[in-house]
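Structural characterization, general
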Amino acid sequence: MATPINNDFSNDIIETRLYRLMRMENNIDAIAVELGIAGPLLAWGQGCHTRFSGAYTEAGVESGESKDATIMVHDKFDTTLNYYQQAKEILEAMLAQYKPDDILLASYRIGKASPRTYLALTEAIDRFEATHNRLVAEADERVIAQAIIDQMVLYGNDFEAELEAAGTEKEESDVAFQKQHSYFAEDTIKLRLIFKIACMVWGDDDPRLKSLGFVPSSEVHTPGEPAPGQAEWPEVVANFVAVFMTFPMPLFNLSW
């Protein structure tokens with residue numbers, strides 16, 4: 001977890017937010033009466049870390065499952081596309097024995113570029129199978145082995161099932177992320193409220209603010225400035241400045 005360096009709650013990174021909420025949940029009971037915090041606000045503080053960390057973990061799990069499902073889809077796509085291309089090559093070789101038939105080629109989708117999208121691949125397989133079944137029903141000899149068609153359809157069905165599963169995982173990942181985002185926004189409002197209450201009761205530089213995940217005013221670090229307790233200039237830079245404050249800085253003429 002990242003220790004907070006300021007009280008800009010809306011810009012917390014996840015690690016900082018988890019730290020604030022952990023401190024809040026662990027200590028709110030001890031100071032609630034002193035700060036006059038009760039009811040729903042107190043109930044929130046008593047479980048804020050548990051709630052947000054749970055949502056964060058869930059979002060991470062769902063995101064990982066969604067990524068794994070996407071990888072599986074890509075693998076299934078490659079396997080199915082490779083088999084489809086082989087089946088098409090066999091069909092083309094078989095049709096070369098017969099008189100050219102542009103209508104049949106168009107029906108089989110022969111001669112067109114290999115599908116490069118998920119939808120295009122499933123449509124190509126469906127069209128290939130439909131033409132094959134029609135010709136078989138008509139006792140037309142311009143077909144390839146049924147076993148090849150069956151295997152291609154099996155690959156296609158497996159791919160479509162994996163694609164649907166990946167879509168479900170993506171939806172679940174989106175829902176989990178939205179819940180985490182919603183909690184973050186709600187927690188930001190409540191953190192800001194309790195911070196203002198604590199500052200009014202204790203003052204904005206009271207060390208007790210740390211117990212709730214806040215930063216006393218004297219320890220607030222502004223981005224771009226040295227962190228509290230750090231020298232303003234590193235030693236090397238300080239020496240450099242001292243030298244040129246004592247001696248005139250040389251001037252250089254540059255030409256290109």
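Attention in this report is confined to the structure presented alongside it. (Residues numbered from 1 in each chain as written. Predicted model: local features only at pLDDT ≥ 70, side-chain atom pairs only at ≥ 80, totals over all residues. Heavy atoms only, no water.)

Comments concerning the nonpolar core
For soluble globular proteins, the rule of thumb is that nonpolar side chains tend to be buried together. The biggest cluster of nonpolar side chains holds 26 residues, and the ones touching the most others in it are Tyr84, Leu91, Tyr108, Leu121, Phe128, Ile144 and Met152. Those elements giving two or more residues to this core turn out to be helix H2 (39–95), helix H3 (102–108), helix H4 (118–137) and helix H5 (146–202). With 10 residues, the top contributor of residues to this core is H2. Apart from the residues lying within four places of it in its own chain, the contact partners of Tyr84 are Arg109, Pro115, Leu121, Ala124, Ile125, Phe128 and Met152. The next biggest cluster of nonpolar side chains, apart from the first, holds 24 residues, and it includes Leu21, Ile37, Leu191 and Trp202. (Core = buried A, V, L, I, M, F, W, Y, C linked by side-chain atoms within 4.5 Å. Buried < 20%, exposed > 50% of the residue type's maximum accessible area, 1.4 Å probe, protein only. Helix = DSSP H or I, 4+ residues; strand = E, 2+ residues; numbered from the N terminus. Contact = heavy atoms within 4.5 Å.)

Details of the packing of aromatic side chains
Counting across every chain of the model gives 10 aromatic pairs. Between the aromatic rings of Phe77 and Phe159, the centroid separation amounts to 5.9 Å while the plane-to-plane angle is 55 degrees, which identifies the pairing as tilted. Note that Phe77 is positioned in helix H2 and Phe159 in helix H5, a separation of 82 residues in sequence. Across the pair, exposure class does not vary: Phe77 and Phe159 are buried alike. Between Tyr84 and Phe128, the ring centres sit 6.1 Å apart and the planes meet at 75 degrees, which makes this aromatic pair edge-to-face. Of this pair, Tyr84 sits in helix H2 while Phe128 sits in helix H4, placing them 44 residues apart in sequence. Tyr84 gets classed as buried once you look at its relative accessible area, which sits at 0%. A relative accessible area of 0% means that Phe128 is categorised as buried. Put simply, the rings of Phe9, Phe195 and Phe214 touch in pairs and so form one group of aromatic residues. (Phe/Tyr/Trp six-rings, centres within 6.5 Å; stacked < 30°, edge-to-face > 60°.)

Re the environment of Leu135
Among the secondary structure elements, Leu135 is positioned in helix H4. Ignoring anything within four residues of it in the chain, the contact list for Leu135 reads Leu104, Tyr108, Asp140, Arg142 and Val143.

What to know about the environment of Val61
Structurally, Val61 can be placed in helix H2. Separated by 112 residues in the primary sequence, Val61 and Ser173 have C-alpha atoms spaced 8.2 Å apart.

Side note on the side chain of Thr16
On the secondary structure map, Thr16 appears in helix H1 (residues 14–35). Excluding residues within four positions of it along the chain, Thr16 makes contact with Ala2 and Pro4.

Overview of the pattern of salt bridges
Taken as a whole, this structure holds 14 salt bridges when the rule is applied. Linking Asp187 and Arg51 is a salt bridge whose minimum nitrogen-to-oxygen distance equals 2.8 Å. Taken together, the residues span a long stretch of sequence, with Asp187 in helix H5 and Arg51 in helix H2 at a distance of 136 residues. When its relative accessible area of 0% is taken as the criterion, Asp187 is described as buried. On the accessibility criterion, Arg51 (25% relative accessible area) is partly exposed. A salt bridge links Glu138 to Arg134; the nearest nitrogen and oxygen atoms lie 3.6 Å apart. (Salt bridge = Lys/Arg side-chain N within 4 Å of Asp/Glu carboxyl O.)

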